[in-house]
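Secondary and tertiary structure notes
Now for the letters of each chain:
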Amino acid sequence: MSLTDDMPGLKERDVERLGPCAVCGKSLIGGGRLPLFYVVRISRAGFDLPAINRRVALGALLQSSALAQAMGPDEDIAKIINGPTEVAVHEECTEVGHLLRLMPEGE
Ligand SMILES: [Zn+2]
């Protein structure tokens, strides 16, 4: 039994479905220096400012942010704008700046 026997696996078709590295564009298989890559599920979210304002106002009214959270409507304060989408990135191509550019527009 090897160390990786219990880990979730990806078939070749699963790796091909991910496409090339989303940062450098090279093939995942053999395209990176290290035999490691990330599968990244990424979404872009935006705060719902009117919901945040209602939340802050309730906190001020009750004079307690914790009480406002417990007694308020517990509404969403942010919404997913794009995504989620799943991409793959070579181990050596992962930097936060690169990951932020991966989100496709209008999805
Ligand atoms: Zn890469």
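One can find the structure itself at the top, above this paragraph.
Scope of this entry: the structure provided in the associated data block. (Residues numbered from 1 in each chain as written. Predicted model: local features only at pLDDT ≥ 70, side-chain atom pairs only at ≥ 80, totals over all residues.)

1. Comments concerning the overall build of the protein
Counting its regular elements, the protein contains four helices and two strands. Going residue by residue from the N terminus, the α and β elements of the protein occur as α-β-α-α-β-α. When the 107 residues of the protein are sorted by exposure, 6% land in the buried category. Of all intrachain contacts in the protein linking residues separated by at least 6 positions in sequence, the fraction that spans at least 24 positions is 74%. (Helix = DSSP H or I, 4+ residues; strand = E, 2+ residues; numbered from the N terminus. Buried ≥ 20, exposed ≤ 12 C-beta atoms within 10 Å, placed from the backbone. Contact = placed C-beta atoms within 7 Å.)

2. Re the nonpolar core
Side chains of a nonpolar character, in soluble globular proteins, are inclined to be buried together. Formed by Cys21, Ala22, Phe37, Val89 and Cys93, the largest nonpolar core amounts to five residues. Setting aside anything within four residues of it in sequence, one finds Val89 in contact with Cys21, Ala22, Val23, Phe37, Tyr38, Val40 and Thr94. (Core = buried A, V, L, I, M, F, W, Y, C linked by C-beta atoms within 7 Å.)

3. Things to note about helix H2 (residues 49-62)
A rise of 1.5 Å per residue sets the reference length of H2, with its 14 residues, at 20 Å; its end C-alpha atoms lie 20 Å apart and thus fit the reference within 8%. The first or second residue beyond H2 is Gln63, which carries a positive phi of 60°. (Expected span 1.5 Å × (residues − 1).)

4. Notes on unusual backbone geometry
For the peptide bond that leads from Gly83 to Pro84, omega is 5°, which places it in the cis range. Of note, Pro84 is situated in strand S2 (residues 78-90). Phi angles above zero are rare outside glycine, and Gln63 is one such case at about 60°. Among the structural elements, Gln63 can be located in the loop between H2 and helix H3 (65-71). Residue Gln63 is classed as exposed on the basis of its C-beta count, with 8 C-beta atoms lying within 10 Å.

5. Here we look at the environment of Arg41
Summarising the element assignment, Arg41 is placed in strand S1 (residues 37-47). Sequence spacing of Arg41 and Thr85 is 44 residues, and the spatial spacing of their C-alpha atoms is 5.6 Å.

6. Considering the environment of His90
If you trace the backbone, His90 turns up in strand S2. Along the primary structure His90 and Gly31 are separated by 59 residues, whereas in three dimensions their C-alpha atoms are 8.1 Å apart. Sequence-distant contacts of His90, that is, excluding residues within four places in its chain, are made with Cys21, Cys24, Gly31, Gly32 and Phe37.

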